[in-house]
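# Descriptive analysis of the structure
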Amino acid sequence: MSEGIAIAERFRALVSATSDVIYRMSADWEIMHELDGRGFLKSSDRPVKDWRERNVHPLDIALVNSAISKALATKGVFELEHRVLRADGSTGWTASRAVPILDADGGIVEWFGAASDISQRKSALEHAERLQQMYETITSNTPDLIYVFALDYTFTYANRALLEMWGKTWDDAIGKSLLENGYEPWHAQMHEREIDAIIATGKPVRGEVSFPHATLGKRVYDYILMPVFDALGKVTAVSGTTRDVTEHRQQEREKLRLSHDLEILNGEVEAANKELVSSNEELIASQDLLGAALEKLNLSETKLRYMIANAPVAIALLVGRGMIIDTANAKILDLWGKNINVIGMPLIEALPELAGQLFPAILDNVFTSGETYTGNEVRSVLQGRELFVNFVYQPLLDKDGQVDSILVTATDITELVFSRQKVEQAESALRLAIEAADFGTWWINAETRKLVASDRLKELFGFLPSDTVTIPGLIAQIGEEHRKEVERHLEATIASGGHYDISYPVIGKRDKRLRWLRAVGNLKQDRSGEYMDFTGVIMDITDPYLSMKKVERAEESLRMAIDAAELGSFYITVRDKVFMPSAKLKELFGFHADEQMTYEATIGQIHEDYRQQVAQQVEYAIANGTRFDSEYPVVGFRDQKLRWLRGIGTVQLDNNGIDSYFTGVMHEITERKLDELRKNDFIGMVSHELKTPLTSLKGHVQLLRKTAEKGQNQRLMDSLDIAARQVDKMSRMINGFLNISRLESGKIVLDKSAFDLQDLIVEIVADMEHQQSSHRILYGQCRGITVFADKDKIGNVLSNLLSNAIKYSNDRSEVLLKCTIVGNMARVSVADQVQGLKPGDLKKVFERYYRVHGNSNISGFGIGLYLSAEIIERHGGKIWAESEFGKGSSFYFEIPLHHEAY
């Protein structure tokens, strides 16, 4: 059998075994010997020269010839995908592969090849490219951030909005981790945990987070992460959508715009043209690959449609010049106020209210020009509703580069526009309020630091309205201790945004007046989103600030005093009798600090002998607004311990005088009370025991006086007169001790008369000098000063003051006694010049039984100054002391002059 016959037999065998087009070509490709078209191409059972015109698409003949020339030059395999003319005259696609048959010398005898019908695959790829174009258009034109994570947390996709936010290119960002793309560690770790959870559960994750934008500064974002599954339901990636919700959070906090799910499915249509092989198994594998590609394409299209349907932005696809609605998701149907019945209808027929609005003309221009149109805050009226939208009309091209459809993406910003209008109205109201409140205002350019200040602001800093002011010039008027803090706060706010609120003192530039000012402001964004304007108001808070500081100091002093004195405090509302005791007060009444103590329970712990009296005193003080001051014993609720307490309280007004409350303090005086009882017992006993010998002594003095008088012994008579006076004074002193109880009950009796103060002073000084010779008492003339008082009791006061001055000063020192008239009062002072009193002693020196510390060697009961104070106060006068420790003390008292003397 000849070689030609053998080749022909092999050709027929291959034709019978395969389903694809089989052909034989001459060595120079000029003659096609045989072609079994299999219904795809025109078959030929005889040699033909015009095979190119019969079978190759005119536009691809040059491409085929180029591939033939290359194969002839290299004696290699001819392999090409190109368009062909089908047997029915339509255009198809084929994948053709031919191999040369060589003779023994390496010359080409002929070419043997096979061609597969790949028209369906090519059509699918074109459709996939169109879908991919639509996919890219959607993700590129939406303001939302769209991205895809691989399972190792690296980015495999990021749309244009996300790249702009990062300030990166695709090559710089894709394949990088969260940290490498500038995420803070906490932010990266949070997303990695969420990705792990999605991989484990297959469920989406949604959240909200704040982080910095490359150009806009700190922003607030709402995000959702979705799992991407393969055909077996396994998570192969995680897609995400993030929406900037900063404006909504800032302008209308009560409304939260939530981003809905946007599943980003980056389906890849993998079309591989496998090498044409000479065996039937390889051809079948190629067909299987094509089937798989078509299946993936269908899945990709399904996922893309799902993505469009569930996208958080309104999306529609309008086909042809007539704008037929091919695709419309729920968002845009809701925006239009329509349902799915409009799909397949011309846009103007589905939405007749668009007639007369600008949208049809814009769409027609996009279709004819092929240029994208972007609209911002465009007003529309649909179904009687006023809407404001941002939208993009993106033309889509067919394979010949002609516009065949328009992709519409839109965002409803009606609420945002209305919110801004409300803000503008609020700003207008704010301007009126600023003028009414007499605030100063400022405007500062964040980049140039240019300052525009109102006349009122200049006035607050002590400038004239005609003066030109700068930021350094204003800061120079701020008190030095506050200046750096104000500068730091100002720069920090301009650099990073946030709220500016600070108070500080200034000294007026021209008027040198001290003012306390409060400045409040924030950074504003311009239309590009950049922070540019720092604006705010400034107000004069001098009076309220100084008042507040005074109140704060008083409150702090009161708290410190209460704590230091271990005082219990209470608060009773006058209106509803709500009782609020402190922990210390509960302790004084025998309650635990954490248990409730009512007003009734508090009164119930007071000893029954005092209970009714104290309750009446409290009610009287509340009803009449008088001071409450009472001492009484209580029995502890839990510890049953007897304590003596002193309570002091007054009625206070609150809420501009509308409400009132009764408040005060209590402290324990048990030890003092016990001391008083012991001392009173002692005084009573001593007074009783002294009266008998004192009465006897007085009788003997009188008897001796009569005897001396008979003997004309003047010196003895004088001495006995002095002794008689001292006995009388001692008697009066004993009566003074007994008068303590009378003072407590308010029954002390004053025997007032008019007398010359000079006479009393001369008498008292003479007695003091006769009793001692270690000190010299110096006093001036007090003639003409007549007072109306109890002479004996005022004498007791003078004696007590002079006695104390002598006892508490060194021997041979001088005691100074003065008297003057101050208004309608006579003032007497007694001063020593040596020891002096400590501040702590000075406060308590007039208290009953109080003795100065460190003077235990000096005799006394600690009642002299207490009785003196009581006597002076009951005369309607006042008594006080002044002292500098180590230098001496001065005691003063004032009593009323006799009314006929002035």
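## A closer look at the overall build of the protein chain
- For the protein chain, the helix and strand inventory stands at 26 helices and 32 strands.
- Across the 902 residues in the protein chain, those meeting the buried criterion constitute 43%.
- Here the analysis covers contacts within the protein chain between residues at least 6 apart in sequence; of these, 51% occur between residues at least 24 apart.
- Carbon together with sulfur atoms contributes 52% to the accessible area of the protein chain, which is approximately 48,500 Å² in total.

## Some details on the sheet that holds strand β30 (residues 825-831)
- A sheet is described by the order of its strands in space; here five strands give the open sequence β27-β29-β30-β32-β31, paired in mixed fashion. Looking along the sheet, the strands with just one partner apiece sit at the ends: β27 (776-779) and β31 (878-884). With direction set aside, neighbouring strand axes in the sheet form an average angle of 15°.
- When β31 meets strand β32 (residues 888-896), the two strands line up antiparallel, connected through seven bridges. Within β32, the position partnered with Lys 878 by the bridge is Glu 894.
- Those strands touched by helix α24 (residues 791-807) are β27, β29 (814-822), β30 and β32, and its axis lies near 175° from that of β32.

## Focus on the packing of aromatic side chains
- A complete count under the given rule lists 24 aromatic pairs for this structure.
- The interplanar angle of 35° and the centroid separation of 6.3 Å between the aromatic rings of Phe 155 and Tyr 183 together place this pair among those described as tilted. Of this pair, Phe 155 sits in strand β7 (residues 155-158) while Tyr 183 sits in the loop between α6 (170-173) and α7 (185-201), placing them 28 residues apart in sequence. The pair Phe 155 / Tyr 183 is uniform in exposure class, with both members buried.
- Pairing Tyr 500 with Phe 534 gives two aromatic rings, centres 5.3 Å apart and planes at 85°, and the pair type is edge-to-face. With Tyr 500 in strand β18 (residues 499-507) and Phe 534 in strand β20 (residues 531-540), this residue pair connects regions lying 34 residues apart in the sequence. Here Tyr 500 and Phe 534 have matching classes, each one buried.
- Joined through ring pairs, the aromatic side chains of Tyr 147, Phe 149, Phe 155, Trp 166 and Tyr 183 make up one cluster.

## Some thoughts on the pairing of strand β14 (residues 385-397)
- With eight bridges connecting them, strand β13 (residues 373-382) and β14 associate as antiparallel partners. When the sheet's bridge partners are listed, Val 378 is paired in β14 with Val 389.
- Two successive antiparallel strands, β13 and β14, enclose a turn made up of two residues, where Gln 383 displays a positive phi of approximately 55°.
- Across nine bridges, the pairing between β14 and strand β15 (residues 403-412) is antiparallel. Residue pairing in the sheet places Gln 394 in a bridge with Leu 407 of β15.

## Overview of the pattern of salt bridges
- Taken as a whole and judged by the stated rule, the model has 25 salt bridges.
- Of the charged contacts, one joins Arg 379 and Glu 386 as a salt bridge, the two residues approaching to 2.7 Å between their closest N and O atoms.
- The exposure class of Glu 386 is partly exposed, given its relative accessible area of 35%.
- In this structure, the salt-bridge partner of Asp 511 is Arg 515, at a minimum N-O distance of 2.8 Å.
- By relative accessible area, which is 40% here, Asp 511 ends up partly exposed.
- Residues participating in the shared-partner salt-bridge network are Glu 81, Arg 121 and Lys 122.

## Description of the sheet that holds strand β12 (residues 324-328)
- The strand order β12-β11-β15-β14-β13 describes an open sheet built from five strands, whose pairing is antiparallel. A single partner strand is all that each edge strand has here, and the edge strands are β12 and β13. With direction set aside, neighbouring strand axes in the sheet form an average angle of 30°.

## Comments concerning the packing of α24 against helix α26 (residues 864-874)
- Their axes nearest at 9 Å, the elements α24 and α26 cross at an angle of 145°. Here α24 runs over α26; the crossing is left-handed. Taken together, the residues of α26 that come into contact with α24 (itself represented by Lys 793, Ile 794, Val 797, Asn 800, Leu 801 and Asn 804) are Gly 864, Leu 865, Ser 868, Ile 871 and Ile 872.
- In the contact of α24 with α26, the residues fall into six nonpolar, four polar and one charged.

## Observations concerning unusual backbone geometry
- In this structure, Tyr 153 is a non-glycine residue whose phi angle is positive, near 75°.
- Residue Tyr 153 is classed as partly exposed on the basis of its relative accessible area, which comes to 22%.
- In the Ramachandran plot, Lys 512 falls in the positive-phi region, its phi being about 55° despite a non-glycine side chain.
- With respect to the helices and strands, Lys 512 occurs in the loop between β18 and β19 (514-525).
- Residue Lys 512 is classed as exposed on the basis of its relative accessible area, which comes to 58%.

## With respect to helix α16 (residues 480-496)
- Between its terminal C-alpha atoms α16 stretches 25 Å, which fits the 24 Å expected from 17 residues at 1.5 Å a residue.
- Among all positions of α16, only Val 486, His 489, Leu 490, Thr 493 and Ile 494 are buried. Take α16 and look down its axis: the buried residues cluster within an arc of 125°, on one side only. When the buried face of α16 is taken as reference, the exposed residues oriented beyond 90 degrees from it are Glu 481, Lys 484, Ala 495 and Ser 496.
- Positive backbone phi, approximately 80°, marks Gly 497, located one or two places after α16.

## Quick look at the environment of Lys 218
- Mapped onto the elements, Lys 218 comes out in strand β9 (residues 217-229).
- Looking at Lys 218, the relative accessible area reads 61%, which means it is exposed.

## What to know about the side chain of Thr 493
- Its location among the elements puts Thr 493 in helix α16.
- Look at Thr 493 and you get buried, because its relative accessible area is 2%.
- In contact with Thr 493, other than residues within four places in its own chain, are Gly 498, His 499, Tyr 500, Leu 523 and Phe 534.

## Things to note about the nonpolar core
- Counting 38 residues, the largest nonpolar core has Ile 794, Leu 802 and Phe 893 as the members making the most contacts within it.
- At the level of elements, α23 (757-771), β28 (786-790), α24, β29, β30, α26, β31 and β32 are the ones that each hand at least two residues to this core.
- Counting residues per element, this core draws most heavily on α24, which supplies seven residues.
- With near-sequence residues (within four places) excluded, Ile 794 lies in contact with Phe 755, Leu 760, Ala 789, Ile 871, Ile 872, His 875, Phe 893 and Ile 895.
- Counting residues in each nonpolar core, the second largest holds 30 residues, with Ala 316, Val 342, Leu 347 and Phe 359 among its members.

## Structural notes on α26
- The buried count for α26 comes to eight of 11 residues, which makes it a mostly enclosed element.
- Where α26 terminates, the next one or two residues include Gly 876, which has phi positive at roughly 80°.

## Points about the confidence of the model for the protein chain
- Across the protein chain, pLDDT averages 80, with 78% of residues at or above 70.
- Counted against residues more than four places away or in other chains, residues 254-280, with its pLDDT under 50, gives 81 contacts.

## Quick notes on the environment of Ala 150
- Of note, Ala 150 is situated in the loop between β6 (145-149) and β7.
- Each C-alpha atom of the pair Ala 150 and Ser 177 lies 9.6 Å from the other, and the pair is 27 residues apart in sequence.

Conventions used here
Residues numbered from 1 in each chain as written. Predicted model: local features only at pLDDT ≥ 70, side-chain atom pairs only at ≥ 80, totals over all residues. Heavy atoms only, no water. Helix = DSSP H or I, 4+ residues; strand = E, 2+ residues; numbered from the N terminus. Buried < 20%, exposed > 50% of the residue type's maximum accessible area, 1.4 Å probe, protein only. Contact = heavy atoms within 4.5 Å. Areas by Shrake-Rupley, 256 points an atom, 1.4 Å probe, with all protein chains shown as cover. Pairing = 2+ DSSP bridges. Axes fitted to C-alpha atoms, helices over the stretch in contact; angles between N-to-C directions. Phe/Tyr/Trp six-rings, centres within 6.5 Å; stacked < 30°, edge-to-face > 60°. Salt bridge = Lys/Arg side-chain N within 4 Å of Asp/Glu carboxyl O. Left-handed = near helix turned anticlockwise from the far one by under 90°. Nonpolar A, V, L, I, M, F, W, Y, C, P; charged D, E, K, R; others polar. Expected span 1.5 Å × (residues − 1). Arc of directions from axis to C-beta. Core = buried A, V, L, I, M, F, W, Y, C linked by side-chain atoms within 4.5 Å. pLDDT = per-residue confidence, 0-100.

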